[in-house]
There are 2 protein chains.
Amino acid sequence: MTVDADPLTATFAALADPTRRAILARLTRGEATVGQLAEPFDVSLPAISKHVKVLQKAGLIEQTRRAQWRSCRLRPEPLRDLATWMEQYRDFLGDSLDRLDQYLTDLQKGDRS
Amino acid sequence: MTVDADPLTATFAALADPTRRAILARLTRGEATVGQLAEPFDVSLPAISKHVKVLQKAGLIEQTRRAQWRSCRLRPEPLRDLATWMEQYRDFLGDSLDRLDQYLTDLQKGDRS
DNA sequence: CCCATACTTTCCTGTATAGTTAATTAACTG
DNA sequence: CAGTTAATTAACTATACAGGAAAGTATGGG
């Protein structure tokens with residue numbers, strides 16, 4: 001993957017790492033600082049910092065600065081785009097996408113994105 | 001990504017390439033040989049052959065040999081696993097829709113009854 | 001049997017990524 | 001203002017991946 005890949009590619013690339021997926025999953029339970037995100041993992045803080053940066057570049061999270069802490073939180077757009085991308089496989093997959101599809105149907109009616 | 005990554009990681013990594021995603025999309029329209037898959041792209045056949053191998057290793061496609069042709073077709077499991085993985089973000093994505101989403105959800109309930 | 005067809009594999013190059021430690025930036029604290 | 005805390009950046013290593021050219025492997029046809 002090149003540095004400035006298209007958004008979907010950046011999203012998939014960002015998610016192609018268990019540590020980054022774990023970070024995302026952690027963030028569904030609320031905001032966290034980089035240090036807090038690093039805790040469960042057996043890697044250095046700089047390593048986590050870089051993972052956070054990748055997630056940020058993909059638009060999956062955003063950071064807000066509060067004093068010397070950087071609070072991270074999830075952003076929905078890339079995951080929605082992923083769901084949209086998956087739609088093209090709905091017929092092929094059959095009804096296993098039903099819940100996802102239902103969500104997207106709602107989304108399309110109400111959201112201009 | 002390491003060579004023998006977990007299935008989800010392999011799936012995301014396989015999808016983190018526009019050429020491979022295009023190959024998958026092509027296969028929703030039916031089986032195709034490696035040569036046919038290569039046609040729309042401006043890369044060598046070996047390059048496509050390698051992409052196909054990555055998709056295969058991720059379980060996204062399977063190849064069956066017919067004479068000297070390798071016919072490729074989609075396999076559903078990895079995409080279903082992806083949809084399952086996404087389920088954990090459903091609440092988060094839903095919540096981001098605010099009142100408008102709620103309105104549309106209500107509206108849809110009304111349509112159905 | 002030899003040759004064409006359809007791929008795949010090997011070898012090579014350039015670039016990207018994950019991780020490390022050490023140094024740096026930034027903001028608060030006494 | 002010196003020191004501590006939080007996190008990023010820099011420099012480096014090691015591995016992975018995309019791509020091409022060239023050689024290798026099957027398979028079927030004349």
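Residue numbers here run from 1 along each chain, matching the order of that chain's written sequence. Chain labels run from A onward and ligand labels from 1 onward, assigned in the order the entries are written. With pLDDT at 70 or above as the cut-off, local features in this predicted model cover only qualifying residues; side-chain atom pairs require 80 or more to be listed or tallied, and sums for whole chains, interfaces and linings still use all residues. Side-chain measures were taken over the full set of non-hydrogen atoms in the model, leaving aside hydrogen atoms and water.

Participant: Any chance you could explain the overall build of chain A here in plain terms?
Facilitator: To qualify as a helix, a DSSP run of H or I must reach at least 4 residues; to qualify as a strand, a run of E must reach at least 2; elements of each kind are numbered from the N terminus. Tallying secondary structure elements over chain A gives seven helices and three strands in all. Partly exposed describes any residue whose relative accessible area lies between the buried limit of under 20% and the exposed limit of over 50%, with all areas from a 1.4 Å probe on protein chains only and scaled to the type maximum. Buried positions account for 45% of the 113 residues belonging to chain A. Across chain A, contacts joining residues at least 24 apart in sequence account for 45% of those joining residues at least 6 apart. Note on areas: Shrake-Rupley with a 1.4 Å probe; residue coverage comes only from the protein chains shown. For chain A, the computed accessible surface area is about 6,200 Å², with 48% contributed by carbon and sulfur atoms. Contacts were defined at the residue level, with two residues in contact if any of their heavy atoms lie within 4.5 Å.

Participant: What am I meant to see in the sheet that holds strand 3 (residues 69-74) of chain B here?
Facilitator: Neighbouring strands of a sheet are bound in pairs by backbone hydrogen bonds; such pairs are parallel or else antiparallel. Residue and element names in this part refer to chain B. Paired strands, as defined in this entry, are two strands with at least two bridges between them according to DSSP. As summarised here, the arrangement of the three strands in space is 1-3-2, forming an open sheet in which the pairing is antiparallel. The open sheet has two edge strands with one neighbour each: strand 1 (32-33) and strand 2 (61-66). As judged from the six bridges shared by strand 2 and strand 3, these two strands associate in the antiparallel manner. Along strand 3, the bridge assignment pairs threonine 64 with serine 71. Only the stretch in contact is used when a helix axis is fitted, and all axes are lines through C-alpha atoms; the angle between N-to-C directions ranges over 0 to 180 degrees. On the sheet, helix 2 (residues 18-27) packs against strand 1, strand 2 and strand 3 and is oriented at approximately 85 degrees with respect to strand 3. The strands touched by helix 4 (residues 45-57) within the sheet are strand 2 and strand 3, with strand 2 carrying the most contacts at an inclination of about 120 degrees.

Participant: It is not clear to me how the protein's contact with DNA strand C should be interpreted in this structure. Could you clarify?
Facilitator: Taken together, 25 residues lie around DNA strand C, and Arg20(A), Ser44(A), Lys50(A), His51(A) and Ser49(B) are the ones closest in. Definition of nearness: a residue and a molecule or strand are near each other if at least one heavy atom of the residue lies within 4 Å of the molecule or strand. Of everything in DNA strand C that lies within 4 Å of the protein, sugar and phosphate atoms constitute 69%. Between DNA strand C and Arg20(A) there is a distance of 2.9 Å, counted from a phosphate oxygen to a side-chain nitrogen or oxygen. Within the backbone of Gly35(B), one N or O atom sits 3.0 Å away from a phosphate oxygen of DNA strand C. Sorting the residues of the surface near DNA strand C by element identifies helix 4 (45-57) of chain A together with helix 3 (34-38), helix 4 and strand 3 of chain B as the ones contributing at least two each. Here the surface near DNA strand C gets five residues from one element, more than from any other, and that element is helix 4 of chain B. When residue character is reported, Ala, Val, Leu, Ile, Met, Phe, Trp, Tyr, Cys and Pro are called nonpolar, Asp, Glu, Lys and Arg charged, and the others, Gly included, polar. When its residues are assigned to classes, the surface near DNA strand C shows 10 nonpolar, eight polar and seven charged. What qualifies as a polar contact is a pair of N or O atoms within 3.5 Å, subject to a donor-acceptor requirement within protein and to the restriction that residues adjacent in sequence count only when both atoms come from side chains.

Participant: Got a minute to help me understand the protein's contact with DNA strand D in this structure?
Facilitator: Surrounding DNA strand D, one finds 23 residues, the nearest of these being Gly35(A), Ser49(A), Ser44(B), Lys50(B) and His51(B). Taken together, the sugar and phosphate atoms account for 72% of what DNA strand D places within 4 Å of the protein. Lys53(A) is positioned such that a nitrogen or oxygen atom in its side chain is 3.2 Å from a phosphate oxygen of DNA strand D. At 2.3 Å from a base oxygen of DNA strand D is found a side-chain nitrogen or oxygen belonging to Lys50(B). Breaking the surface near DNA strand D down by element, the ones donating at least two residues are helix 3 (34-38), helix 4 and strand 3 (69-74) of chain A together with helix 4 of chain B. Across the surface near DNA strand D, the residue classes break down as nine nonpolar, eight polar and six charged.

Participant: Is there a simple way to think about the nonpolar core in this case?
Facilitator: Within soluble globular proteins, side chains that are nonpolar tend to cluster in buried spots. Buried Ala, Val, Leu, Ile, Met, Phe, Trp, Tyr and Cys residues form a nonpolar core when they are joined through side-chain atoms within 4.5 Å. Phe12(A), Leu60(A), Ile61(A), Leu60(B) and Ile61(B) are the most contacted members of the largest nonpolar core, which has 60 residues in total. Built from parts of two domains, this core gets at least three residues from each of domain 1 (7-74) and domain 2 (77-110) of chain A. Residue ranges assigned to the domains are those given by an automatic or database domain assignment.

Participant: Looking at this structure, how should I read the pairing of strand 3 of chain A?
Facilitator: As a general feature of sheets, a regular strand has side chains that alternate between the two faces. Residue and element names in this part refer to chain A. As paired elements, strand 1 (residues 32-33) and strand 3 share two bridges and run antiparallel to each other. Of the residues in strand 3, the one forming a bridge with alanine 32 is cysteine 72. Joining the antiparallel neighbours strand 2 (residues 61-66) and strand 3 is a turn of two residues, in which alanine 67 adopts a positive phi near 55 degrees.

Participant: How do you make sense of the packing of helix 5 (residues 77-87) of chain A against helix 5 (residues 77-87) of chain B when you look at a structure like this?
Facilitator: Angle between the axes and distance between the axes are the two parameters that describe a pair of packed helices. Between helix 5 of chain A and helix 5 of chain B, the shortest axis-to-axis distance is 11 Å and the interhelical angle comes to 150 degrees. Relative to helix 5 of chain B, the crossing made by helix 5 of chain A is left-handed. Note on element contacts: helix 5 of chain B touches helix 5 of chain A through Leu79(B), Leu82(B), Ala83(B), Trp85(B) and Met86(B), opposite Leu79(A), Leu82(A), Ala83(A), Trp85(A) and Met86(A). Tallied by class, residues from the contact of helix 5 of chain A with helix 5 of chain B come to 10 nonpolar, no polar and no charged. Two helices crossing with the near one rotated counterclockwise from the far one by less than a right angle form a left-handed crossing, whereas a clockwise rotation gives a right-handed crossing.

Participant: I tried to follow unusual backbone geometry on my own but got confused; where do I start?
Facilitator: Leaving glycine aside, a negative phi is the common case for residues, and trans is the common case for peptide bonds. All names here are of chain A. You will see that alanine 67, though not glycine, has its phi angle at about 55 degrees, which is positive. As for its placement among the helices and strands, alanine 67 is situated in the loop between strand 2 and strand 3. Overall, alanine 67 belongs to the exposed group, its relative accessible area being 56%.

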